[in-house]
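Breakdown of the fold
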Amino acid sequence: MLQYGARRAMSLMVSLLVASLVIFFALEIVPGDPAAYMLGINAEPDTLAALRAELGLDRAAPLRYLDWIGGMMQGDFGISHTYRTPVADMIAERLKVSLPLALYALGLSTLIAFPAGIWAAQRRGSAVDLGVMGVTQLGVAIPNFWFAMLMVLVFAINLRWFSAGGFAGWEAGIGAGLKSLTLPAVALALPQASILTRVMRSALLETLGEDYIRTARAKGLTRGQALRGHALRNAMIPVLTIIGLQFSFLLAGAIIIENVFFLPGLGRLVFQAISARDLIVVESVVMLLVFAVIVVNFAVDMAYAWVDPRLRGQR
Amino acid sequence: MSRTGLILGAVLTLLFTGAAILSLVWVPYDIEAMRIAERMQPPGAAHPLGTDHFGRDILSMIMVGARTSIAVALVAVGIGMGLGVPLGLLAAARRGGWLDEIIMRGNDLIFAFPSLLIAVMITAVFGAGAVNAIIAIGIFNIPVFARLARGAALSLWTRDFVLAARVAGKGRLRISAEHILPNLANLLIVQGTIQFSLGILAEAGLSYVGLGAQPPIPSWGRMLADSQTMISMAPHMALFPGLAILLTVLGLNLMGDGLRDWLDPRLRRDAR
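Residues numbered from 1 in each chain as written. Chains lettered and ligands numbered in written order. Predicted model: local features only at pLDDT ≥ 70, side-chain atom pairs only at ≥ 80, totals over all residues.

This paragraph deals with the UniProt feature "domain: ABC transmembrane type-1" (unreviewed entry) in chain B. UniProt tags residues 66–256 of chain B as "domain: ABC transmembrane type-1" (unreviewed entry). Regarding residues 66–256 of chain B, the helix share stands at 82% and the strand share at 0%, and the terminal C-alpha atoms are separated by 19 Å. (UniProt positions renumbered as here; feature names shortened; annotations may be inferred. Helix = DSSP H or I, 4+ residues; strand = E, 2+ residues; numbered from the N terminus.)

Quick look at the environment of B:Asn253 now. Structurally, B:Asn253 is set in helix H9 (residues 235–263). Take B:Asn253: there are 23 C-beta atoms within 10 Å of it, and that puts it in the buried class. Non-local contacts of B:Asn253, meaning those with residues more than four positions away in its chain, are made with A:Gln137, A:Val140, A:Ala141, B:Ile194 and B:Ser197. (Buried ≥ 20, exposed ≤ 12 C-beta atoms within 10 Å, placed from the backbone. Contact = placed C-beta atoms within 7 Å.)

Moving on, we come to helix H7 (residues 172–208) of chain B. Two residues of an α-helix separated by three or four positions point the same way, owing to the 3.6 residues in each turn. Residue and element names in this part refer to chain B. Along its 37 residues, H7 runs just 46 Å from first to last C-alpha, ending more than 12% under the 54 Å computed at 1.5 Å per residue. Of all the bends in H7, the greatest, near 45 degrees, is centred on Leu 181, and the proline Pro 182 appears no more than four residues after it. One or two steps after H7, the chain reaches Gly 210, where phi turns positive at roughly 90 degrees. (Expected span 1.5 Å × (residues − 1). Bend = angle between axes of the 7 residues up to and from the residue.)

We now examine unusual backbone geometry. Here B:Pro215 and B:Pro216 are connected by a cis peptide whose omega angle stands at 10 degrees. By the secondary structure assignment, B:Pro216 is in the loop between H7 and helix H8 (220–227). Although it is not a glycine, A:Arg160 adopts a positive phi angle of roughly 60 degrees. Among the secondary structure elements, A:Arg160 is positioned in the loop between helix H7 (144–158) and helix H8 (174–208).

A few words on the packing of H8(A) against helix H10 (residues 223–234) of chain A. Each pair of packed helices can be described by the angle between their axes along with the distance between the axes. Residues and elements named next belong to chain A. Two elements in contact, H8 and H10, have axes whose closest approach is 8 Å; the angle formed by their N-to-C orientations is 115 degrees. Classified by chirality, the crossing of H10 by H8 is right-handed. Across the interface between the two elements, Leu 204, Thr 207 and Leu 208 of H8 pack against Leu 227, Ala 231 and Asn 234 of H10. Taken together, the residues that form the contact of H8 with H10 break down as four nonpolar, two polar and no charged. (Axes fitted to C-alpha atoms, helices over the stretch in contact; angles between N-to-C directions. Left-handed = near helix turned anticlockwise from the far one by under 90°. Nonpolar A, V, L, I, M, F, W, Y, C, P; charged D, E, K, R; others polar.)

Further remarks concern the domain arrangement of chain A. All names here are of chain A. Domain boundaries assigned for chain A yield domain 1 (2–73) and domain 2 (94–308). In this structure, domain 1 and domain 2 have C-alpha centres spaced 33 Å apart. Contacts between the two partners involve 15 residues from domain 1, matched on the other side by 13 residues from domain 2. With 11 residues, helix H1 (residues 2–28) is the single largest residue contributor to the side of domain 1 that touches domain 2. Partitioned by chemical class, the residues of the side of domain 1 that touches domain 2 number 10 nonpolar, four polar and one charged. (Domains from an automatic or database assignment.)

For interface size, the figure often reported is the accessible area lost on association. In this assembly, 33 residues from chain B lie in contact with 40 residues from chain A. Those elements that provide at least two residues to the side of chain B that touches chain A are helix H3 (98–111), helix H4 (115–126), H7 and H9 of chain B. Sorting elements by how many residues they give to the side of chain B that touches chain A places H9(B) first, with eight residues. Across the side of chain B that touches chain A, the residue classes tally to 23 nonpolar, six polar and four charged.

Here you go:
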């Protein structure tokens, strides 16, 4: 297990290194000089040079890359070119919205998918099963930002149960904060819940065909008891994989949903940064999200190896 | 059940591709002419799906928007397949070698970048546009096809007809092209349909946030973005483009599932 973990950790490091190189040098080729952009077209050459020196833009790209990476490891993401505030502070502020939103959506998705998937698998071929599969087929096909707009129309504009957008802030209390994240979380969760329900159902159906289930049934367990007692645990591997993948999709997918609800999360930060040519912010947010994806995948791999020792031998 | 799905999916897909093709030669109204007097009309006899805030006919906009969506998604699938499949075949042919290792680790790396992030980076570098959306979605498709091709090719490499070809003295690359690839066709058609539908969804999302096709090129996502501030006054402006996306994606998914069952019963998974 230790050896397996060490090998995976090595490949995690390599992935992070390569990803950071790709992000940094991809944004290196951006036309335009951030310093010139900040000062406008009438800037004096002296001022421009001074600002470039201040931002470290006059140094060679590989040196700036090392600064960037070295800084990040110490929690210093650099200084935003437009706001002149530390990028780390800006990201931390936005994460207070984006992270709870992604977790909220993940929670909803799991809470919906587990019972729905189990229910459908238990009554395979019945009207319930067909109904669940039909709804998930729609859930996968629906654009979540459109679903979000329809929810705003119904629940915010017509029924006035929720506000149509904006974030109440955690200072207003946990309840108020969660309330303003509810519609966005539902919108984010819907397609993910549909996928997870299908994975849950198919994984359960696969394990239900195993010999040990037949044995359990022969012992006198009902189909439901065999499912809960034996099939469920064994069906968890594919389900865990998808949950792991979904977390990163939710973090990135929140970029679009935040736009529908005018939530001050990472997504809106990225868009503002793109239009202001504030590349260091774009770089840092993208790196952070990619970091999250890679680390979550690593955690899922480790969780498998822990659950199923047979996997430790494989790559 | 799945045959019904296949037929329903094919009908929906034909409907929207038909509308896209028809829009090349004819649309009910010119979508570039603004008729402010007719703005935000609800669906009626003159405009079956109503008009938008500039008085443009929504049906005509959806037809032209179908063209944008389909073109972006189709080219993106083409990029994914065109690059991913050869890479996957190459990795399988050199199984366990350094080339295999590099290709598969490269795939893992691309997988760590959600397509939305690739689009964000490309936009930050080159600005927004339909071409950048195509590239972003296309890059995302490469590892999908590479993994699929490698996995399926690996199992084909153990089959007797491949052994026979090797005994006959054919090289690994030639076997990949002549014997492995044709046997992957069904699988690729099915996956291509699924990626096509994901591409339509991704294009809609990107153009909704302004990273896709730029005005005046109509796109479904952009129509939804435009309708958002007017949703309480003119809900039809938001309803129909969204329905168009939903039905197109639903149609492609149903067709993909149906094709999988029809083309290759061995692949049948009642679960999906």
